[in-house]
Amino acid sequence: MYESRSRKFVYEVEGLASDNRPSYSVRTSGTVFITVTYDRMQEEMRRINRLGGKILSIKPLTSETLTGAKVIAETAPATPNHKSMTQTKAKVDIPINLYKPKNPYIGKCVENTELVREGGTGTVRHLKFDISGGDLRYLEGQSIGIIPPGTDEKGKAHKLRLYSIASTRHGDDIDDKTVSLCVRELEYKHPETGETIYGVCSSYLCNLDTGADVAITGPVGKEMLLPDDEDATIIMLATGTGIAPFRAFLWRMFKEQHEDYKFKGLAWLIFGIPYTANILYKEELEALAAEYPDNFRLTYAISREQKCEDGSKMYVQSRVSEYAGEIFDMIQKPNTHVYMCGLKGMEPPIAETFTQEAEKLGMDWDAKRKELKKAHRWHVEVY
């Protein structure tokens, strides 16, 4: 059995991103040869896919296999963090629907913690799922689907609900083995009976026990992806759990260390919440703002505690109006991206603010917004 597991095979691969392994034999065609033992073949296939490579052939390692290759590199032994932190600066492979509702990935809940502190409203949970047993991968800004167990009032299986991913592609533990969500339990009064109604999927997730299995689909989404430009200006407008993709952005920009992605631009988060106790990931955000004051700007809009000059409640759109001139100046630069995630109620007043700023410059905001959208610089995901 050991002899079988240690047999070696040669992968011929093209389009492989740098993985800090210069000993690969590279053909003039751009292909590389990689040797791998039998027991690591599936793992190596997944690594090649993540790095954008395409396997052209797989052959047993023999003396004939070596023909035409000056060097054949053997893949390194697996380590707890065997997946490369480097990512290609070429076009990134965007994973879409690797797992579908008919055949979901069964992950395992490994963390479920409360994010709302005493004095806040509602319950919001940070959930982390182990995905180490499959091929589920994702990018910052994407979403995954969760299929709650059980059936609806018609006896049919519950449909999936989509949630924005709150972790980077490497997961909270930076080992490529987890995916995280930020979930608020939906709770409202029935308009006729007055009965308190809880959301099916959100309640299921918020009350999920660690160790429990969870059916995951996806990932999906290309609208909210982070640009590769290390010098970009990233303006993030969030309400509540709309912070999820921006947490992933900020971790990738500042908390993780990458060989080929060193963010040197400006990230500005304007975050709307009702109370200070509802500031999700407060310690994380403020630690990053303190450590990177030249690159990360953090602005809160706390509606039940802060007031505008006219005495009205302070919302995200209020902050956008307050800094309208500065934000609009940033938007004129070709490498500025604007992201909006959260409650759709903030979108119309923000559009009104930008309309007024555009008029001051003799511009039409609708035309400008369409121009930004076409250039993939205007990103909106509201609900």
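Data block above holds the structure.
This one's a predicted model, so the numbers in the text were calculated from it and none came from an experiment.

Thresholds applied
Residues numbered from 1 in each chain as written. Predicted model: local features only at pLDDT ≥ 70, side-chain atom pairs only at ≥ 80, totals over all residues. Heavy atoms only, no water. Buried < 20%, exposed > 50% of the residue type's maximum accessible area, 1.4 Å probe, protein only. Helix = DSSP H or I, 4+ residues; strand = E, 2+ residues; numbered from the N terminus. Arc of directions from axis to C-beta. Contact = heavy atoms within 4.5 Å. Pairing = 2+ DSSP bridges. Axes fitted to C-alpha atoms, helices over the stretch in contact; angles between N-to-C directions. 1 Å grid on protein atoms, 1.4 Å probe; cavity = no way out; pocket = protein on both sides within 12 Å on 5 of 7 lines; lining within 4 Å. Points joined across faces, edges and corners; volume = space filled by probe spheres on them. Core = buried A, V, L, I, M, F, W, Y, C linked by side-chain atoms within 4.5 Å. Left-handed = near helix turned anticlockwise from the far one by under 90°. Nonpolar A, V, L, I, M, F, W, Y, C, P; charged D, E, K, R; others polar. Parallel < 35°, antiparallel > 145°, perpendicular 65-115°, else oblique. Polar contact = N/O pair within 3.5 Å; in protein donor to acceptor, adjacent residues only side chain to side chain. Salt bridge = Lys/Arg side-chain N within 4 Å of Asp/Glu carboxyl O.

Caption draft 1: Inspection of helix 7 (residues 324-331) at higher detail. All buried positions along helix 7 are accounted for by Ala324, Ile327, Phe328, Met330 and Ile331. Along the long axis of helix 7, the arc covered by the buried residues comes to 155°, so they all point the same way.

Caption draft 2: Here's a closer look at the environment of Tyr163. Structurally, Tyr163 can be placed in strand 9 (residues 161-164). Taking the C-alpha atoms as reference points, Tyr163 and Val220, separated by 57 residues in sequence, lie 9.9 Å from one another. Ignoring sequence-local partners within four residues, the contact set of Tyr163 consists of Ser143, Ile144, Ile146, Leu181, Val183, Cys201, Ser202 and Leu205.

Caption draft 3: A look at the sheet that holds strand 6 (residues 105-114). The sheet built from six strands is open, its strands ordered 9-8-13-6-7-10 with antiparallel pairing. With partners counted over all chains shown, the strands left at the sheet margins are strand 9 and strand 10 (178-184), one partner each. Adjacent strand axes in the sheet meet at a mean angle of 40°, parallel and antiparallel pairs treated alike. Direction of pairing for strand 6 relative to strand 13 (residues 213-220): antiparallel, over a ladder of four bridges. Pairing of Gly107 across the sheet is with Val214, part of strand 13.

Caption draft 4: Main features of empty space enclosed by the protein. For the structure on display, the rule yields one cavity of 30 Å³ or more. Approximately 40 Å³ is the volume found for the largest cavity. What lines the largest cavity is Arg247, Leu250, Trp251, Tyr281, Glu284, Leu285 and Leu288. Among the secondary structure elements, those contributing two or more residues to the lining of the largest cavity are helix 4 (244-255) and helix 5 (282-291).

Caption draft 5: Local environment of the nonpolar core. If you look at the biggest cluster of nonpolar residues, it comprises 35 residues, and the most contacted ones within it are Phe246, Leu250, Met253, Leu269 and Phe271. Counting only elements with at least two residues in this core, the list comes to strand 14 (233-239), helix 4, strand 15 (266-273), helix 5, strand 16 (296-302) and strand 17 (336-342). The greatest single-element share of this core, amounting to six residues, is contributed by helix 4. Phe129, Leu136, Tyr138 and Tyr163 belong to the second largest nonpolar core, which has 22 residues in total.

Caption draft 6: Structural view of the packing of helix 4 against helix 5. At a minimum axis separation of 11 Å, helix 4 and helix 5 run at an interaxial angle of 35°. For helix 4 against helix 5, the interelement crossing comes out left-handed. Together, Arg247, Leu250, Trp251 and Phe254 of helix 4 and Glu284, Leu285 and Leu288 of helix 5 make up the contact between the two elements. By residue class, the composition of the contact of helix 4 with helix 5 is five nonpolar, no polar and two charged.

Caption draft 7: Examining the sheet that holds strand 18 (residues 378-382) more closely. Across the sheet, which stays open at both edges, the five strands sit in the order 16-15-14-17-18 with parallel pairing between neighbours. For this open sheet the edge positions go to strand 16 and strand 18, each flanked by a neighbour on one side alone. Direction aside, neighbouring strands of the sheet carry axes that sit 10° apart on average. One ladder, built from seven bridges, connects strand 15 with strand 16; its direction is parallel. What sits directly across from Gly272, in strand 16, is Ala301. Contacts between helix 4 and the sheet are confined to strand 14, strand 15, strand 16 and strand 17, with strand 14 contributing the most and set at about 145° to the helix. With respect to the sheet, helix 5 is in contact with strand 15 and strand 16, its orientation differing from that of strand 16 by roughly 140°.

Caption draft 8: View of the packing of helix 7 against helix 8 (residues 347-360). Between helix 7 and helix 8, the least distance of the axes is 10 Å, while the angle of their chain directions is 75°. Comparing the axis directions of helix 7 and helix 8 gives the class roughly perpendicular. Contact with helix 7, carried on its side by Ala324, Gly325, Ile327, Phe328 and Ile331, involves Thr353, Phe354, Glu357 and Ala358 of helix 8 and no other residues of that element. Of the residues assigned to the contact of helix 7 with helix 8, the class counts are six nonpolar, two polar and one charged.

Caption draft 9: Representation of helix 9 (residues 365-374) in the model. Residues of helix 9 that are buried: Trp365, Lys368 and Leu372. The buried residues of helix 9 occupy an angular sector of 60° when the element is viewed end-on, so they sit on one face. Exposed and oriented more than 90 degrees from the buried face of helix 9 are Lys370 and Lys374. The residue sitting at the N-terminus of helix 9 and contributing the capping side-chain oxygen is Asp364; that oxygen lies 3.3 Å from the backbone nitrogen of Asp366. Directly beyond the C-terminal end of helix 9, a positive phi value near 60° is found at His376.

Caption draft 10: Layout of the pattern of salt bridges. Applying the stated rule across the entire model yields 15 salt bridges. The partner of Arg125 in a salt bridge is Glu114, with the nearest N and O atoms 3.2 Å apart. Here Arg125, found in strand 7 (residues 124-130), pairs with Glu114, found in strand 6; they are 11 residues apart in sequence, far enough to count as distant. Judged by its relative accessible area of 31%, Glu114 is partly exposed. Put simply, Lys264 and Glu230 hold a salt bridge, and the shortest N to O gap is 2.8 Å. Of the two residues, Lys264 sits in the loop between helix 4 and strand 15 while Glu230 sits in the loop between strand 13 and strand 14, which places them 34 residues apart along the sequence. The buried category is assigned to Glu230, whose relative accessible area is 13%. Salt bridges here are not isolated pairs; linked through shared partners, they connect Glu111, Lys128 and Asp173.

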